[in-house]
Amino acid sequence: MVAKALPPGQKAKVKEYNFAWEGRDKAGKTLRGESRASGQTVVVSSLRRQGIVVTKIKQQRYKKAGGRIKDSDITLFTRQLSTMMKAGVPLLQSFDIVAKGTDNAAVAKLFTDIKGDVETGTSLSRAFRKYPLYFDSLFCNLVGAGEQAGILDDLLDRLATYKEKMEAIKGKIKSALFYPISVLVVAFIVVAVIMLFVVPAFKSVFESFGADLPAPTLAVIAISDGFVSYWYLIFGGLGLGFYFFMQAWRRSPRVQMAMDRLALRVPIFGPVMRKATIARWLRTLSTMFAAGVPLVEALDSVGGASGNIIYQTATKKIQQEVSTGTSLTVSMQNANVFPNMVLQMAGIGEESGSIDSMLSKAADIFEREVDDAVESLSSLLEPLIMVILGTLIGGLVVAMYLPIFKLGQVV
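Just so it is clear, the structure is predicted and the values come from calculations on it, not from any experiment. (Residues numbered from 1 in each chain as written. Predicted model: local features only at pLDDT ≥ 70, side-chain atom pairs only at ≥ 80, totals over all residues. Heavy atoms only, no water.)

A. Up close: the packing of aromatic side chains. Summed over all chains, the structure comprises 13 aromatic pairs. Ring geometry for Phe-77 versus Phe-135: centroids 6.4 Å apart, planes at 70°, classification edge-to-face. Residue Phe-77 is located in helix α2 (residues 71–86), and its partner Phe-135 is located in the loop between α5 (124–129) and α6 (137–149); the two are separated by 58 residues in the primary sequence. For Phe-77, a relative accessible area of 1% gives the class buried. (Phe/Tyr/Trp six-rings, centres within 6.5 Å; stacked < 30°, edge-to-face > 60°. Helix = DSSP H or I, 4+ residues; strand = E, 2+ residues; numbered from the N terminus. Buried < 20%, exposed > 50% of the residue type's maximum accessible area, 1.4 Å probe, protein only.)

See the structure below:
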């Protein structure tokens, strides 16, 4: 069999595996670890160059099951790595500890692969950049800044704190949205069951009366007939509509712009979403600025981290103005998306040379406001949802019992 020639400049992709090994160093101390390479001989040779004589080596087989890698996994990993490095644990050994301490096979494989890249001489930030799905540009930029300045443990600690705060904000927003959405979904299912099964049973009973039915009852029966006749179109249309809407939201900048603008303006939830977005924006810029990342470069990551395309577009405008010499405060004011309090604190920070500290304090204020708003939302939405459900379900029940009440009056 003749092997196919690769195009000029293209290298053959070598398949790599994970190997668990045990060996002894020059002092006779027993060491254990994991390495990623194309074969056992490569691992043995690499360790021998490090002064380790391998006594046992075995290829690791990860289970296919193990779930997906979530943001919370990366946040926990960042905190663990920061803690171990501050305690003096070597970087490669820290990866070993984290990989073996997780029950998620996908997470363990990811960290083992990164460790394998670092073992071959790749910097930690470049190893992270190979996995943009899990480590965004902000994460990699901060790690790179920590490596260059020799303060990787401090930067990882700051990064872990940042990710924990972001996770907390996302969790609060999700909890605020989960309750009303879940109630509305249950209400739709209940109404669909009533229309498909309960109302037709009442209809057959009413037809035996031979009397004129009230207008509300006729309206409910007409809606029920539509459900029974076209239920597949209704449910199929809703499912396809939701699917195409989500695809358009992901791929169309216009749809994203419209939905993000709507999210900031919708009653009740809009102010909460705006405060959460501003808090993320301020926290991200404060973290990167404190890490020594230049302002123009830091703004590259800030817009995407805000989670709203309106603020992402505004950040690009701010970045362009800052790069031409305009102050950050004036640029933020020109963007017209920040409240006066944020602008005033940014201005004080620029004048005093402590802009990272002032932005961090502003982020703290908005995070507390998000906490208070979510708590007040719970107390506000519960009675509102009860009124809506009572009106909807109660109206259906009354409409179906009206003929029975009239029949009782006649008898």
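More follows now that the structure is in view.
B. Quick look at the layout of surface pockets. In this structure, the second largest pocket occupies an estimated 390 Å³ of space. Taken together, 17 residues line the second largest pocket, and the ones lying closest to its centre are Trp-21, Leu-31, Arg-32, Gln-93 and Asp-96. Of all the secondary structure elements, the ones that give two or more residues to the lining of the second largest pocket are β2 (30–37), α3 (91–100) and α4 (105–119). For the lining of the second largest pocket, the residue count by class is seven nonpolar, four polar and six charged. (1 Å grid on protein atoms, 1.4 Å probe; cavity = no way out; pocket = protein on both sides within 12 Å on 5 of 7 lines; lining within 4 Å. Points joined across faces, edges and corners; volume = space filled by probe spheres on them. Nonpolar A, V, L, I, M, F, W, Y, C, P; charged D, E, K, R; others polar.)

C. The side chain of Ser-224, seen in detail. Within the secondary structure, Ser-224 is located in helix α8 (residues 215–251). At a separation of 2.6 Å, a polar atom in the side chain of Ser-224 contacts the main-chain carbonyl oxygen of Met-195. Beyond its immediate sequence surroundings of up to four residues, Ser-224 is in contact with Met-195, Val-199 and Pro-200. (Polar contact = N/O pair within 3.5 Å; in protein donor to acceptor, adjacent residues only side chain to side chain. Contact = heavy atoms within 4.5 Å.)

D. Main features of the pattern of salt bridges. Using the criterion set out here, one finds twelve salt bridges in the structure. Its salt-bridge partner being Asp-117, residue Lys-130 comes within 3.5 Å of it at the nearest N-O pair. Here Lys-130, found in the loop between α5 and α6, pairs with Asp-117, found in helix α4; they are 13 residues apart in sequence, far enough to count as distant. Residue Asp-225 pairs with Lys-203 through a salt bridge whose shortest N-O separation is 3.1 Å. Of this pair, Asp-225 sits in helix α8 while Lys-203 sits in helix α7 (residues 152–207), placing them 22 residues apart in sequence. (Salt bridge = Lys/Arg side-chain N within 4 Å of Asp/Glu carboxyl O.)

E. Spatial organisation of the packing of helix α13 (residues 328–335) against helix α14 (residues 340–352). Direction vectors running N to C along α13 and α14 enclose 165°, while the axes themselves pass 8 Å from each other. Classified by the interaxial angle, the pair formed by α13 and α14 is roughly antiparallel. Where α13 crosses over α14, the two elements pack in a sense that is right-handed. The residues of α14 that touch α13, namely those facing Leu-328, Thr-329, Met-332 and Gln-333, are Val-342, Leu-343, Ala-346, Gly-347 and Glu-350. Each residue belonging to the contact of α13 with α14 can be placed in one class, and the counts come to five nonpolar, three polar and one charged. (Axes fitted to C-alpha atoms, helices over the stretch in contact; angles between N-to-C directions. Parallel < 35°, antiparallel > 145°, perpendicular 65-115°, else oblique. Left-handed = near helix turned anticlockwise from the far one by under 90°.)

F. Highlighting unusual backbone geometry. At Asn-336, a position not held by glycine, the phi torsion is positive, near 60°. Position of Asn-336 relative to the elements: it lies in the loop between α13 and α14.

G. Representation of the side chain of Lys-163 within the structure. Within the element layout of this structure, Lys-163 appears in helix α7. One buried charged residue, Lys-163, forms no salt bridge at all, with the nearest opposite charge on Asp-136 at 5.4 Å. If near-sequence neighbours (up to four positions away) are discounted, Lys-163 is found in contact with Ile-74, Thr-75, Thr-78 and Phe-139. (Lys, Arg positive; Asp, Glu negative; His and termini not counted.)

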